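Results of the structural survey
Each chain, letter by letter, is given below.
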Amino acid sequence: SATNALHLLMSMKFDNWTGEGLRISYDKDDTKKKRKQREDQEVMEKADRMCPRLLCCICGTFCLKLSKPLEKLPRRGTDSSHVINEAKHLVELVANKGEVLHIKRDKGVETQCRLQCEHCSALIAYRPVPIGEPTKYMYLLPDVVSVGSAPPATRPAERCLGAWPAAPSGGTAQVTADAKRP
């Protein structure tokens with residue numbers, strides 16, 4: 001009908017309208033605002049579809065969503081982790097708090113607040129501060145997540161949970177844990 005076409009064109013609906021006859025609103029500011037909101041929502045939905053979903057390589061549970069492909073993120077030199085700028089690239093994170101480690105490096109002591117898969121408790125990432133506190137970067141461990149909608153059936157669990165290098169070129173790292181388990 002003409003009214004439905006008008007609603008679609010102007011992206012608006014009228015409150016308390018029975019649907020009989022043609023009703024026109026001359027409030028142009030409201031129409032522009034609603035059209036802008038609809039366009040913004042469409043942009044957000046398109047960006048949401050474009051973001052890669054990263055799944056735990058062991059159980060296939062959704063862990064995080066990024067606004068940039070994983071391959072294009074820089075790597076950390078100490079352990080080859082993917083460096084994620086939380087403000088720019090982290091769209092969604094679903095993880096549980098893990099243990100807090102203090103690692104002695106050549107330039108001082110590094111604090112790692114680890115993040116685990118919500119379903120299988122596999123170590124997936126770490127941050128320099130606990131979840132809820134602001135930080136610029138989060139570090140995603142290598143080979144612990146897969147891109148897609150199903151877990152890779154052929155990837156061995158040892159590769160996901162196994163040792164990852166503590167320091168480049170044969171360096172050493174001393175690790176101490178401050179974990180309290182129930």
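Our subject is the structure listed above.
Residues numbered from 1 in each chain as written. Predicted model: local features only at pLDDT ≥ 70, side-chain atom pairs only at ≥ 80, totals over all residues. Heavy atoms only, no water.

1. Let's talk about the overall build of the chain
Short version of the rule: The secondary structure listing takes helices from DSSP runs of H or I that are at least 4 residues long and strands from runs of E that are at least 2 residues long, numbered from the N terminus. Under the scheme applied here, a residue whose accessible area is under 20% of the maximum for its type counts as buried, over 50% as exposed, and between as partly exposed, the area being computed with a 1.4 Å probe on protein chains only. The contact definition used throughout considers only heavy atoms, calling two residues in contact when any of these lie within 4.5 Å. Per-residue and other accessible areas follow the Shrake-Rupley method at a 1.4 Å probe size, with only the shown protein chains counted as cover for residues.
The helix and strand inventory of the chain stands at four helices and 10 strands. When burial is assessed residue by residue, the chain has 33% of its 182 residues classed as buried. If you take every contact in the chain between residues at least 6 apart in sequence, the share linking residues at least 24 apart comes to 48%. For the chain, the accessible surface area stands at approximately 11,900 Å², while carbon and sulfur atoms represent 53% of it.

2. Structural notes on the sheet that holds strand E1 (residues 53–56)
Applicable threshold: We treat two strands as partners when DSSP finds at least two bridges between them. Where helices are involved, their axes are fitted lines through C-alpha atoms of the stretch in contact, as for all axes, and angles between N-to-C directions lie from 0 to 180°.
Strand order in this open sheet of four strands is E4-E2-E1-E9, and the pairing throughout is antiparallel. Strands at the two margins of the open sheet, each flanked by one partner only, are strand E4 (90–93) and strand E9 (145–147). Geometrically, the sheet is characterised by an average inter-axis angle of 25° between neighbouring strands, direction not taken into account. Examined bridge by bridge, E1 and E9 share three bridges and lie antiparallel to one another. By the bridge assignment for E9, cysteine 56 is matched with valine 145.

3. Details of the packing of aromatic side chains
Just so we agree on the cut-off: Geometry of aromatic contacts follows a simple scheme: Phe, Tyr and Trp rings, the Trp one being its six-membered ring, pair when their centres are within 6.5 Å, and the pair is stacked under 30 degrees between planes, edge-to-face over 60, tilted otherwise. Charge-over-ring placement is defined geometrically: NZ (Lys) or CZ (Arg) within 6 Å of the ring centre, and within 35 degrees of the ring normal.
Applying the stated criterion across every chain, the model contains one aromatic pair. Aromatic side chains tyrosine 126 and tyrosine 139 sit 5.2 Å apart centroid to centroid with 25° between the ring planes, which places their arrangement in the stacked category. A residue pair is termed long-range when its members are at least 10 positions apart, and tyrosine 126 in strand E7 (residues 123–127) and tyrosine 139 in strand E8 (residues 137–140) qualify at 13 residues. As far as the burial class goes, tyrosine 126 and tyrosine 139 line up, both buried. Sitting above the plane of the tyrosine 139 ring, arginine 76 keeps its charged end 4.8 Å from the centroid.

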